[in-house]
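Notes for the structure review
Each chain, written out:
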Amino acid sequence: MARLDPYSPTPAARAGRVFMIVAPFVMGLVCVLLSFVPFGRIFGSPLTPAFALMAIYYWAIVRPEMFPPFAVFAVGLLFDLLSGGIIGLWAFVYVATYAVVVSQRVLVVNAPFTVFWFGFLIVATFAGALSWIVVSVFHGMPVPPFSLVQHMVLTVAIFPIFAMIFGRIQTRVLPGS
C-alpha cells in the first residue's frame, strides 16, 4: 500500500502557490489591457490613465519580490505592442521607474497612505518626464507635453481606487500580507 506523506502539497495547493507567485504580474497584464478600454466615451475624455504604472508602483513598494524587473519589462513591452507606439518606450520607462521605486521603497513602505500617494505623484512625474524625453529624442524635437501632463494627472487622481483594489487582493490572496 502506498504511504501518504502528510506534508506533500496537493495539486490544488501547488496551483494556489503558483497563482500567488504570478498574481502581481497577472494584475499588471490586466492593467495593460484595461488601458485599451475606451473609458473616454463613457466620461467624455480621450484620456486613459496609466493603469500599468499604478500596478508597477504598488507592487514595487509592497511586494517587489513578486513582481521582478523582467515581469515589469514584459508588461511594458505588451503595452508597447498593443499601443502601436514606439516599441520599447514603455518597457524602458516602466523598468527605469521600477528601479527608482525599489531603491526608494524604504521611505514609503510603512508610511501612511498620503505618503504612499505622494510617492506615486513623484513616480508618475518621473515616468511622464522620462517618456516625454524619449519621445522628443525619437522625433528629433520637443513634443507638446500637455496631453502627457493630463494623462499623468488623471493617473494620480484615480490611483487611490486602484491601490484599494490591489490592497484587497493582496490581503485576500497573497500569503504573509
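Right, let's walk through the structure included here. (Residues numbered from 1 in each chain as written. Predicted model: local features only at pLDDT ≥ 70, side-chain atom pairs only at ≥ 80, totals over all residues. Heavy atoms only, no water.)

Quick notes on the pattern of salt bridges
- The final tally for this structure, using the stated rule, is 1 salt bridge.
- Residues Arg63 and Glu65 are paired through a salt bridge, measuring 2.8 Å at the closest nitrogen-oxygen approach. (Salt bridge = Lys/Arg side-chain N within 4 Å of Asp/Glu carboxyl O.)

Structural notes on the environment of Tyr94
- As for its position among the elements, Tyr94 is in helix H5 (residues 89-104).
- Taking the C-alpha atoms as reference points, Tyr94 and Val75, 19 residues apart in sequence, are found 8.3 Å from one another.
- Those residues in contact with Tyr94 that lie beyond four places of it in its chain are Ala52, Leu53, Ile56, Val72 and Gly76. (Helix = DSSP H or I, 4+ residues; strand = E, 2+ residues; numbered from the N terminus. Contact = heavy atoms within 4.5 Å.)

Comments concerning the side chain of Ser136
- Topologically, Ser136 is positioned in helix H6 (residues 113-139).
- What makes Ser136 buried here is its relative accessible area of 10%.
- A polar atom in the side chain of Ser136 sits 3.3 Å from the backbone nitrogen of Val143.
- If sequence neighbours within four positions are ignored, Ser136 has contacts with Met141, Pro142 and Val143. (Buried < 20%, exposed > 50% of the residue type's maximum accessible area, 1.4 Å probe, protein only. Polar contact = N/O pair within 3.5 Å; in protein donor to acceptor, adjacent residues only side chain to side chain.)

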